[in-house]
Amino acid sequence: SRLNTGLNLRIPISDDNYYAVQLGGWLRMAQASENLAQESLIALVAFELKSFNLGFSYDMDLKEVSGTGIGHNAFEVSVSYIGLFKEDFVFCPQF
């Protein structure tokens, strides 16, 4: 099994909130015998253009950095669309 933990920061770059830059970083951990071991670091830069996101990420294998393995690094490109929806019901707990 694997666990990704990290954060994503959205920085608006226009007054109308239609354009933004997203920066993120994650640590992926994987099951190694009885414990979770650090497997890779992931960095993200994404550009939000109205309803579209164009993202660029790099997945760096920590085995290669530590010298314990060959490592498989990956550069990834993603495109996503954020559609409009009708909010019939949104569950939001109040405290």
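To keep things clear, this report deals only with the structure shown in the data block. (Residues numbered from 1 in each chain as written. Predicted model: local features only at pLDDT ≥ 70, side-chain atom pairs only at ≥ 80, totals over all residues. Heavy atoms only, no water.)

1. Some remarks on the packing of aromatic side chains
- Scanning the entire structure with this criterion turns up three aromatic pairs.
- Arranged with centres 5.1 Å apart and planes meeting at 55°, the rings of Phe-52 and Tyr-81 form a pair that is tilted. In this pair, Phe-52 sits in strand E4 (residues 52-61) while Tyr-81 sits in strand E5 (residues 74-81), placing the two residues 29 residues apart along the sequence.
- Among the aromatic residues, those joined into a cluster by ring pairs are Phe-47, Phe-56 and Phe-75. (Phe/Tyr/Trp six-rings, centres within 6.5 Å; stacked < 30°, edge-to-face > 60°. Helix = DSSP H or I, 4+ residues; strand = E, 2+ residues; numbered from the N terminus.)

2. Concerning the environment of Ser-57
- Secondary-structure assignment places Ser-57 in strand E4.
- Relative accessible area serves as the criterion here: at 12%, Ser-57 is assigned to the buried category.
- Along the chain, Ser-57 and Gly-24 lie 33 residues apart, while their C-alpha atoms are 8.9 Å from each other. (Buried < 20%, exposed > 50% of the residue type's maximum accessible area, 1.4 Å probe, protein only.)

On their own, these measurements won't tell you what the molecule is for.
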